[in-house]
Amino acid sequence: MSKLVTIYGGSGFVGRYIARRMAKAGWRVRVAVRRPNEAIFVKPYGVVGQVEPVLCNIRDDASVAEVMQGADAVVNCVGILAESGKNGFDAVQADGAERVARAAAAQGISSMVHVSAIGADVESESEYARTKALGEAGVLKHMPDAVILRPSIIFGPEDQFFNRFASMTRMGPALPVVGAATRFQPVYVDDVARVAEMALTDAVTPGVYELGGPDIASFRELMQTMLDVIHRRRMIVNVPFFAARIMAFGFDLLQTLSLGLFTNSMITRDQVRNLTQDNIVSDGARGFADLGISPVALGSVLPEYLWRFRPSGQYDAIKESAKNLRT
């Protein structure tokens, strides 16, 4: 019988790519999510019955252990960018990650991949970065041979970074950003999934790997690249950190006072703290080069999914070409 992997958060941005790769590799894939009915799209990744979404709450011991029954390996892709209700940073990224590792150890599972993030630091002022580090520590406590992946900002067709800012260009002549000078090293989502697949097939030495693409650029430069791809001209306006903190405080306060009826999807105080730090691979860290992988460049992928934000969408190139026709 083929091997079975349980992927927590397997219908998310990164998780779905790992699920697809493992299905193509012949594994049975159990996609553990809070809302299985919204994860039906993963089933066609394999043959009938090969990929199945199952109900799981990463905050509950019994739920986590149950969906892991009979698995040969586990992957934890669960993470949040902002807190909402019971899904706080500590509950999801610290306690949740350790819960998965503890259950895996109890069931005798030897292979685990945990998706963390560059910048994970237990001493960080950012709750996101701090709990990412605590999650890593919890995983290694129970699964010392786990493979931990720390990607920089991840891009791909379903990303919430370039898609979000490209959508904002439709609203006016200016594009506001916080931390325009902060540097990132964007990594293609399927490159991250490829490393996870290698780790699950014992082709990766256990430990921490920082994953960044071939391009290092500031926030402003990334936005300009995006604008070039979508053929729009916008003024990139840097929002000073002091102003961003005031704005974020107001949005966070509104979410609190509304008892969750309003969800702060603009910017949080914790996100502002994160944006004060560069998000690039550390000197001496293990990464793609150690795995023999040449990561995909940003410019080769962005046009494949951002074309819909061009002024004329899919017809933009045709209209541009038509300008050269002689009457």
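Quick caveat: nothing in here was measured; it's all calculated off a predicted structure.

A. Structural view of the sheet that holds strand 5 (residues 111-115). The strand order across the open sheet built from 7 strands is 3-2-1-4-5-6-11, with neighbouring strands paired in parallel fashion. Looking at the sheet topology across the chains shown, the edges are occupied by strand 3 (51-55) and strand 11 (207-211). Neighbouring strand axes in the sheet, compared pairwise and without regard to direction, differ in orientation by 20° on average. Bridge analysis of strand 1 (residues 4-8) against strand 2 (residues 28-33) gives 5 bridges, and the strand direction is parallel. Bridging from a neighbouring strand, Y8 pairs with A32 of strand 2.

B. Highlighting the nonpolar core. Ranked by size, the top nonpolar core spans 74 residues in total, and within it F162, M223, M226 and L306 carry the most contacts. Here this core gets 8 residues from one element, more than from any other, and that element is helix 6 (residues 189-200). Other than its neighbours up to four places away in sequence, L306 contacts F162, N163, A166, M226, V229 and I230. V64, M68, V78 and V139 belong to the second-largest nonpolar core, a separate cluster that totals 26 residues.

C. Layout of helix 4 (residues 127-142). With 16 residues, helix 4 ought to run about 22 Å at 1.5 Å a step, and its terminal C-alpha atoms sit 23 Å apart, in line with that. Every buried residue belonging to helix 4 is among Y128, A129, R130, T131, K132, A133, G135, E136, G138 and V139, and all of these are buried. Lining the buried residues of helix 4 we find helix 3 (89-106), strand 5, strand 6 (147-151) and helix 9 (269-275). With a side-chain oxygen positioned 3.3 Å from the backbone nitrogen of Y128, the residue opening helix 4 is S126.

Analysis parameters
- Residues numbered from 1 in each chain as written.
- Predicted model: local features only at pLDDT ≥ 70, side-chain atom pairs only at ≥ 80, totals over all residues.
- Heavy atoms only, no water.
- Pairing = 2+ DSSP bridges.
- Helix = DSSP H or I, 4+ residues; strand = E, 2+ residues; numbered from the N terminus.
- Axes fitted to C-alpha atoms, helices over the stretch in contact; angles between N-to-C directions.
- Core = buried A, V, L, I, M, F, W, Y, C linked by side-chain atoms within 4.5 Å.
- Buried < 20%, exposed > 50% of the residue type's maximum accessible area, 1.4 Å probe, protein only.
- Contact = heavy atoms within 4.5 Å.
- Expected span 1.5 Å × (residues − 1).
- Polar contact = N/O pair within 3.5 Å; in protein donor to acceptor, adjacent residues only side chain to side chain.

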